[in-house]
Amino acid sequence: MNEEHALVLGGGGVAGIAWMTGLLAGLADAGDDVTGADLIIGTSAGANVAAQVGSGLPLAELFARQAEPALQSAEIMAELDWEKFGAEFAGYLAGATTPEQVTRQVGAYALDAQTVPEAERRAVISGRLPSHDWPVRRLRLTAVDVATGDLMVFDAGSGASLVDAVAASAAVPGVWPPVTIGGARYMDGGVRSADNADLAAGFGRITVISPLGFDSPLPSPLQLRDVAARLRAEGSQVVVIQPDAASAAAIGTNALDPATRTPAALAGREQGRAGLAANASG
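In this text, all values refer to a predicted model and were calculated from it rather than measured experimentally.

**Q** Requested: an account of the overall build of the protein chain, with residues and values cited.
**A** Tallying secondary structure elements over the protein chain gives 11 helices and eight strands in all. Buried positions account for 55% of the 282 residues belonging to the protein chain. Partitioning the intrachain contacts of the protein chain with sequence separation of at least 6 by distance along the chain shows that 77% fall at a separation of at least 24. Counting 18 positive and 31 negative side-chain charges, the protein chain places the centres of these two groups 2 Å from one another.

In structure tokens, the structure reads:
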């Protein structure tokens, strides 16, 4: 067990990006800045925040880019209808009996879905990032190969551009197009796990910031509560932070709605100002 600190940032749409950014700013206000972690692991929304933090732009400016409408990047409105997804997934998952088969069928769904063009979605991701260069600090951004169902972890040495890696990690099946990198196509890292906190194994201190929290609606064999318990059993000090009641209300029922950014950022900052210990869950 090493003594390094890993910061894990989970999935949760544009609302999750705003909430996590606000929370990080609020924690810093309280004297608990965790953005200097030795490693940042980002999944989907968390990949966006990881890249933004890695850009070196001060937290105050990152927060302003979420909270102030005049500074917000251009987004594409999308609906997050869990009932619709459930009905559509059911047809694709018929006959899938193993986690691997399920993941590959989700990949098939992602490829078949009618979405905006890949280039249009990439332009949105590009506009979110203050820098398009991989930072010197360690980032690991998760995605899933739509054909094989295998996890892909992008970093500065993976050969993918930062914009493409973030876009792949945030390619929600059925909502956004899979992303083409090196001849393969990738979908959202949240297909494997909303947080992928298991990738922080071996770090002495692990901070997990999870917009979807312990009760994520996403099916996964890697439930956060179980993963956190296992990491603790292995000797890591694990702090999990999920939205409090006010933040959950600000995020609302459609985390993909760009209108959630200002309220989610403000609620996240207020929550974070209570400090790390007060926000620890489970």
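**Q** Could you give an account of the environment of S281, with specific residues and numbers?
**A** Here S281 is to be found in the segment after α11 (276-279). A residue is classified by how much of its surface remains accessible, and S281, at 16% relative accessible area, is buried. For the pair S281 and L23, spaced 258 residues apart in sequence, the C-alpha separation works out to 14 Å. Contacts of S281, omitting those with residues within four sequence positions, involve F214, R232, V240 and Q242. Within polar-contact distance, the side chain of S281 engages the side chain of Q242 at 3.5 Å.

**Q** Explain helix α8 (residues 224-233) to me, using residue names and the numbers behind them.
**A** Taken as a whole, α8 has its buried residues at L224, V227, A228 and L231. The buried residues of α8 occupy an angular sector of 100° when the element is viewed end-on, so they sit on one face. Looking at the packing, one finds that the buried side of α8 touches β7 (205-209) and β8 (237-241).

**Q** Account for helix α7 (residues 162-169), naming residues and giving values.
**A** Of all eight residues that make up α7, eight are buried, and the element is covered over most of its length. Residues of α7 that are buried include every one of L162, V163, D164, A165, V166, A167, A168 and S169, and no others.

**Q** So what about the packing of helix α1 (residues 13-29) against helix α3 (residues 59-67)? Which residues, and what values?
**A** The interhelical angle for the contact between α1 and α3, taken along N-to-C directions, is 145°, at an axis separation of 9 Å. Taken as a pair, α1 and α3 cross one another with a handedness that is left-handed. For the pair formed by α1 and α3, the contact residues are I17, A18, T21, G22, L24, A25 and A28 on the first element and L59, L62, F63 and Q66 on the second. Of the residues belonging to the contact of α1 with α3, the class tally is eight nonpolar, three polar and no charged.

Rules behind the numbers
Residues numbered from 1 in each chain as written. Predicted model: local features only at pLDDT ≥ 70, side-chain atom pairs only at ≥ 80, totals over all residues. Heavy atoms only, no water. Helix = DSSP H or I, 4+ residues; strand = E, 2+ residues; numbered from the N terminus. Buried < 20%, exposed > 50% of the residue type's maximum accessible area, 1.4 Å probe, protein only. Contact = heavy atoms within 4.5 Å. Lys, Arg positive; Asp, Glu negative; His and termini not counted. Charge placed at Lys NZ, Arg CZ, Asp CG, Glu CD. Polar contact = N/O pair within 3.5 Å; in protein donor to acceptor, adjacent residues only side chain to side chain. Arc of directions from axis to C-beta. Axes fitted to C-alpha atoms, helices over the stretch in contact; angles between N-to-C directions. Left-handed = near helix turned anticlockwise from the far one by under 90°. Nonpolar A, V, L, I, M, F, W, Y, C, P; charged D, E, K, R; others polar.

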